[in-house]
Amino acid sequence: MIERYAKQPFRFFSCMELREVLGKRAVDVPRLLELIEEAPADSIYYHTYSYYLRHAYTQQLYSNDFANWIALYAQDRVLGERLGVLDPFEFSDIEQLRGEILSIMADHLNHSTVVTRCIVSEPFEFIRSHVIEIPLGLEATTLGEFYDALAIVEVGAVYNHVCEARMRKKPRSADFADWLAWEEGLGLQDLASKVEQAARLGLSLEGMRNKILRLCDQELTRQRAS
Amino acid sequence: MLEYYRDIAPQGTVELLQQLGRRVEGKSLVHVNSTRYGGGVAEMLHRLLPLFDELGIRVRWEVMAGSDLFYRATRSLYNALQGSRQRITPEMYDAYIECNRESAKRLNLDAEFAMIHDPQPAALIDARPHGATWIWRCHIDVSTPQHSVWQFLRPFVVRYDAAVVSLPKFSQRLPLPQFLVYPSIDPLSEKNCELQPDEIDKVLQRLGVPRDKPILLQVSRFDRFKDPVGVVAAYRLVKKSHDCRLVLAGGTATDDPESVEVLAEVQEAAGTDPDVHILLLPPTANLEINALQRAATIIYQKSTREGFGLTVAEALWKGKPVIGGETGGIVVQLIPGVTGFTVNSPEGAAFYTKRLLNEPELMAVLGRQGKEYARHRFLITRHLQDYLGLLIYLQERGRTG
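Residues numbered from 1 in each chain as written. Chains lettered and ligands numbered in written order. Predicted model: local features only at pLDDT ≥ 70, side-chain atom pairs only at ≥ 80, totals over all residues. Heavy atoms only, no water.

## Quick look at the nonpolar core
Counting residues in hydrophobic clusters, the biggest one holds 110 residues, and the most contacted among them are Leu32(A), Leu83(A), Met105(A), Phe146(A) and Phe52(B). It is helix α14 (residues 380-400) of chain B that contributes the most residues to this core, 9 residues altogether. Those residues in contact with Leu32(A), other than ones at most four positions away along the chain, are Ala26(A), Phe66(A), Trp69(A), Ile70(A), Met105(A), Phe124(A) and Phe126(A). Of all hydrophobic cores here, the second largest spans 44 residues; its members include Val165(B), Leu279(B), Leu281(B) and Val322(B). (Core = buried A, V, L, I, M, F, W, Y, C linked by side-chain atoms within 4.5 Å. Buried < 20%, exposed > 50% of the residue type's maximum accessible area, 1.4 Å probe, protein only. Helix = DSSP H or I, 4+ residues; strand = E, 2+ residues; numbered from the N terminus. Contact = heavy atoms within 4.5 Å.)

## Comments concerning the domain arrangement of chain A
Residue and element names in this part refer to chain A. For chain A, the assigned domains are domain 1 (15-128) and domain 2 (135-225). One C-alpha centre belongs to domain 1, the other to domain 2; they are set 29 Å apart. On the side of domain 2, 16 residues touch domain 1, which itself brings 14 residues to the contact. Across the interface of domain 1 and domain 2, roughly 1,300 Å² is buried in total on both sides, 60% from carbon and sulfur atoms. Of all residues in domain 1, Tyr45, Tyr52 and Phe89 give up the largest surface area on contact with domain 2, accounting jointly for 47% of the area buried on that side. Across the domain 1-domain 2 interface, the total number found is 0 salt bridges. One can count 2 residue pairs in polar contact (both at pLDDT 80 or more) joining domain 1 with domain 2. Looking at the side of domain 1 that touches domain 2 residue by residue, the class counts come to 8 nonpolar, 3 polar and 3 charged. (Domains from an automatic or database assignment. Buried area = accessible area lost by both parts, 1.4 Å probe. Salt bridge = Lys/Arg side-chain N within 4 Å of Asp/Glu carboxyl O. Polar contact = N/O pair within 3.5 Å; in protein donor to acceptor, adjacent residues only side chain to side chain. Nonpolar A, V, L, I, M, F, W, Y, C, P; charged D, E, K, R; others polar.)

## Concerning the sheet that holds strand β1 (residues 10-26) of chain A
Pairing within the open sheet is mixed, and its 8 strands lie in the order β2(A)-β1(A)-β6(B)-β5(B)-β4(B)-β3(B)-β1(B)-β2(B). At either end of the open sheet lies a strand with only one pairing partner, and these are β2 (124-140) of chain A together with β2 (58-63) of chain B. Put simply, the sheet's adjacent strands are angled 25° from each other on average, direction ignored. Where strand β1 (residues 28-33) of chain B and β2(B) come together, 6 bridges link them in parallel fashion. The partner of Leu29(B) across the bridge, within β2(B), is Val59(B). Contacts between helix α1 (residues 29-38) of chain A and the sheet are confined to β1 and β2 of chain A, with β1(A) contributing the most and set at about 130° to the helix. (Pairing = 2+ DSSP bridges. Axes fitted to C-alpha atoms, helices over the stretch in contact; angles between N-to-C directions.)

## Brief notes about the pairing of strand β7 (residues 215-219) of chain B
Residues and elements named next belong to chain B. Within β7, 5 of the 5 residues are buried, which leaves the element mostly enclosed by the surrounding structure. Here β7 shows two buried faces, one formed by Ile215, Leu217 and Val219 and the other by Leu216 and Gln218. With 5 bridges connecting them, β7 and strand β8 (residues 245-250) associate as parallel partners. By the bridge assignment, Leu216 is partnered in β8 with Leu246. Between β7 and its parallel partner β8, the chain crosses via helix α7 (residues 228-239), and the hand of that crossover is right-handed. In terms of strand pairing, β7 meets strand β10 (residues 298-301) through 3 bridges, oriented parallel. Bridged to Gln218 within β10 is Tyr300. (Right-handed = clockwise from strand over helix to strand, strands pointing away.)

## Things to note about the interface of chain A and chain B
Every contact between the two is made by 27 residues of chain A and, on the other side, 32 residues of chain B. Taking both sides of the interface into account, the surface hidden between chain A and chain B amounts to around 2,600 Å²; carbon and sulfur atoms contribute 60%. Ranking the residues of chain A by area buried against chain B places Arg19(A), Val21(A) and Tyr57(A) at the top, with a combined share of 27%. The interface formed by chain A and chain B includes 1 salt bridge. With its nearest N and O atoms 3.0 Å apart, the salt bridge here joins Glu122(A) to Lys169(B). Linking chain A with chain B are 8 residue pairs in polar contact (both at pLDDT 80 or more), by the criterion used here. At the level of elements, β1, β2 and α6 (143-152) of chain A are the ones that each hand at least two residues to the side of chain A that touches chain B. The residue inventory of the side of chain A that touches chain B, partitioned by class, reads 12 nonpolar, 6 polar and 9 charged. Relative to strand β6 (residues 178-180) of chain B, β1(A) runs antiparallel, the two sharing 3 bridges. Note on β6(B): the bridge partner recorded for Val21(A) is Gln178(B).

Right, here's the structure in full:
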């Protein structure tokens, strides 16, 4: 077997999220809708995409904060479910995602006769996300090196190279799947598409890491056998 | 020292901190508060400062000192900001201003960044050196303050570059960015480090607590908001069906007459029950608290009002199932059915206690998950990471204007 070397190495970056409290609070769904309309894009990002950056135990019913709060606190299960099924990675930018959320909420409110107020003392608090990227000083030029590095990096790196890279449209060299597929990278199209799919399964970050490691391991085994 | 955390903190954390540290290496940072010993803020600064230093940040800690009147004034301000009605005289406000003015002359505030902790030194903002970035670190809940007191403090606070709060709901409307940073515990401190079984046995023996039956524990000051009488009521309900002991461990403050009253109420509620142990511990009893928490079967923090409630994180770190009041920071630490249970009454506490005593497997699962959750969210390494991130953000914002 001839080991494939990438022309452009993969450089691992982790990230951390600094959370800014915006002081905007909603106690019912109509107010939540108004605030989603006017919230900065980084706040919509925090309550949707960066949900994946949180610890798996805090991940509730659905993979965005709006759906969870509406279902659990504003007691509107139907609207919670309609928002809960949204996959943020289907949208090409935050504004498209915001538009879809607003349209679902407006449609639901237009057809609803009762406005339920939040019945517990937990208003929806708008938070804005500031993502700080951190170089880890680790790089890979072969699949084996990629596997070894991915196994030990801080889990924020998984978020950075799977979620953040796709969302912020970073260069191909910063996205796991893109680099694996790229000719300047490893040129492994099949593995790349499986890795891309792994990000869409709704797994926690550790779950994503383990899934991608398993896929790389299978590919390494296949290469050794051929 | 950072190396000591390598096997404790989540994977890759030490490297992450080192990389973050490089971005602010050589910068100077001064922390200012009003006491070097006693209280959660001082405890945390003692542990955090060596870590900042190791990462190449030129860190200092300055402590303001004042007259008795200043301390009385700041105690009242502190309580009033947290919503308790206080009478604050003009002389007390004057003492506050005067002490801040004097401290500004005495303390070395020359640093690129300053983190000013809590309301006591907030007025030092008058002495901010040109070009320095000042952060007000508010550890308390100022969401429903006594109006007149907030009106007094607000003009100082609004001149800071940023504020840091422990929970979103603790924040106030302010025209400056407010960041969210949870407080933390240090897994290597005397209160949280690993203990050998025989050490735990010795401490419990010394405290007169036999280990012959399940131990229910609450560690907290004898304060009405911690609801120790409610804990005794919950124990009574549990005791009808399950043989167990209750340990209430805490202290009273000599300057707080209410705590003496609450202690008397708890003693009365406990009566002559030999299975109820009321332990008055000094503030330095870290080893004793550690041993009690490790010996406990279930740990309560049944507060009716709470700040962040770091005793919950301490209990989670020891792998114990926790039952806490649905208030303050307890709700971000206890995820119902995952890391513990939140309750609103003694009956609720009794219900979950019985359930846990009946299901040892559930206790083990909650304990394991709680420890893992604390590892990611409530250890000092995450706290340091957030502070470094804040310094980097403010530094870069300063560069870009």
